[in-house]
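# Understanding the architecture of this molecule
Read off the chains here:
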Amino acid sequence: MRSEQEVNRAVEQYADTVRRLCMIHLKNYHDSEDIFQTVFLKYVLSSVQFDSEEHEKAWFIRVTINACRDFFRDFFRSHTVPLEELLQQQEELTPDNSEVLEAVLCLPAKYRDVIYLYYYEGYTAVEIAGILKKNKNTVYTLLTRSKQLLREKLGGDNNEE
């Protein structure tokens, strides 16, 4: 079990990342908070020794994504929240990006993950491949396709990046 100082440091350092990943996957504030608690409980109980800060961050991302996927396999998955309610909550947090956020949230999960990790967390495609355990060329393809889908949803010019 980890010390209180370790846990407090991890919560301060990774809370935003875990919450955003949860919101991207679950699209529900309350379910996101449940998964948030689950992820940090797993951290407290984990005996994993991290080689570096990046290794620890990758662990949090992987565990969060897995916990979100496990949530959807759960019986209570039938409990859903309208997208409008989520967007209203998000507009309170980031009113300037609500249209982009809505478009990202409408993407299939495989595209949301790579977009989030690439643009919001700043990972390279090779690093994303390692985190998601996918081939790097697959990640490049997913990034290209997700950008195209976002362009179509947002009405952007196909020649822009």
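Before any of the text, the structure's been laid out above.
Here we summarise the structure given alongside this text. Source: prediction; values computed, not measured. Sequence positions are assigned chain by chain, starting from 1 and proceeding in written order. Thresholds applied to this predicted model are a pLDDT of at least 70 for local features of residues and 80 or more for the giving and counting of side-chain atom pairs; totals over whole chains, interfaces and linings are not thresholded and use all residues. No hydrogens and no water enter the side-chain calculation; it runs on all heavy atoms of the structure.

### Concerning a nonpolar patch on the surface
Worth spelling out the cut-off: Patches in this entry comprise residues that are over 30% relatively accessible and not in a salt bridge; like charges within 9 Å are linked, as are nonpolar side chains (Val, Leu, Ile, Met, Phe, Trp, Tyr) within 5 Å. A 1.4 Å probe and the Shrake-Rupley method give the accessible areas. Residues count as covered only by the protein chains that appear here. What counts as a salt bridge is simple: a side-chain nitrogen of Lys or Arg found within 4 Å of a carboxyl oxygen of Asp or Glu. Here a helix means four or more residues in a row that DSSP labels H or I, a strand means two or more in a row labelled E, and each is numbered from the N terminus. To sort residues, take the accessible area from a 1.4 Å probe on protein chains only and compare it with the maximum for the residue type: under 20% means buried, over 50% means exposed, and anything in between is partly exposed.
Among the surface-exposed residues, Val100, Tyr118, Tyr119, Tyr120 and Leu154 lie close enough to one another that they form a single nonpolar patch of about 440 Å² accessible area. Here the nonpolar patch gets 3 residues from one element, more than from any other, and that element is helix H6 (residues 109-120). Residue classification places Tyr119 among the partly exposed residues on the basis of a relative accessible area of 46%.

### Quick look at the pattern of salt bridges
Counted by the stated rule, this structure contains 6 salt bridges. Salt-bridge contacts for Arg2 lead to Glu6; the nearest nitrogen and oxygen are separated by 3.7 Å. The class of Arg2 is buried, set by a relative accessible area of 10%. Taking the shortest distance from any N to any O, the salt bridge between Glu121 and Lys57 comes out at 2.9 Å. Placement of Glu121 in the loop between H6 and helix H7 (125-132) and of Lys57 in helix H3 (residues 53-73) is noted, with a sequence separation of 64 residues between them. With a relative accessible area of 18%, Lys57 lands in the buried category. Overlapping salt bridges bring together Arg20, Lys57 and Glu121 as one network.

### Examining H7
Short version of the rule: The directions considered for the arc are those from the helix axis to the C-beta atoms. Note on contacts: a residue pair is in contact if any heavy atoms of the two residues lie within 4.5 Å.
Three or more residues of H7 are buried, namely Ala125, Ile128, Ala129, Ile131 and Leu132. Looking straight down H7, one finds that the buried residues subtend no more than 165° of arc, so they occupy a single side. Structurally, H7 contributes buried residues whose contacts are with H3, H6 and helix H8 (136-154). Downstream of H7 by a residue or two, Lys133 has a phi angle that is positive, lying close to 55°.

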